[in-house]
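# Structural overview for review
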Amino acid sequence: MRAIHIIPDTSAQPWIEALRRRFDVLAPFIPAHVTLVFPFDLQLSDQELIRHCREQLKVSRTIKFTVGPPEKSADNHFWLPADPIPPELLALRNALHTGALATLNSSGREYRPHITVARPPLGPGVTEAVQAAADNFPALLEATAITIERILDDQRSEVIEVIALDKA
């Protein structure tokens, strides 16, 4: 399985990774991220995928976005939604879902860009800890690259390629 993300700089918001370390089982494997192309398994070589991404990123710029207070999703995840959703982020996502990845765009799911900070099963104290972070909002983040990753069987993330976005 592979996926494509933007990984924003969270260094000015260390509480994001602190929450993730406590409540997101994927925190040891991949930093805070916004998924652009959800995990997929296509007969496409890594080089073909990289080439497709580079082609779609020719006009993409660094993306600055704000995350809002934590929300609990219908499937018991806590996430920080991009609020408002930056048009550049939607344009980038849509561009990636063309050509070799066009078949992945048929999920019918509404795209809600976010950073997950807690995954089920939600243990004791998760809700309180996540809600205690509410004083940190809104939080401004910046993403300067996309990351193409391979998701290994043990959920570790192996970076295939990092492609820089042009500076705005």
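A brief look at the structure comes next. (Residues numbered from 1 in each chain as written. Predicted model: local features only at pLDDT ≥ 70, side-chain atom pairs only at ≥ 80, totals over all residues. Heavy atoms only, no water.)

### Description of the side chain of histidine 5
- Looking at where histidine 5 falls in the secondary structure, it is placed in strand 1 (residues 2-6).
- Under the relative-accessibility criterion, histidine 5 is labelled buried at 3%.
- Among the polar contacts made by the side chain of histidine 5, one reaches the side chain of threonine 35 at a distance of 3.3 Å.
- Once residues lying within four places of it in the same chain are set aside, the contact partners of histidine 5 are Ile30, His33, Val34, Thr35, Leu36, Ala145, Ile146, Thr147 and Glu149. (Helix = DSSP H or I, 4+ residues; strand = E, 2+ residues; numbered from the N terminus. Buried < 20%, exposed > 50% of the residue type's maximum accessible area, 1.4 Å probe, protein only. Polar contact = N/O pair within 3.5 Å; in protein donor to acceptor, adjacent residues only side chain to side chain. Contact = heavy atoms within 4.5 Å.)

### Thoughts on helix 3 (residues 87-96)
- Turning to helix 3, its buried residues number three or more, namely Leu89, Leu92, Arg93, Ala95 and Leu96. Buried residues in helix 3, looked at end-on, bunch into an arc of 165°, giving them a common side. (Arc of directions from axis to C-beta.)

### Let's talk about the sheet that holds strand 5 (residues 78-81)
- The three strands are arranged 4-5-6 in an open sheet whose pairing can be described as antiparallel. Pairing within the sheet leaves two strands with one partner each, and these edge strands are strand 4 (71-72) and strand 6 (114-118).
- The pairing of strand 5 with strand 6 spans four bridges and is antiparallel. Each bridged residue has a counterpart across the sheet, and for proline 81 the counterpart in strand 6 is histidine 114. (Pairing = 2+ DSSP bridges.)

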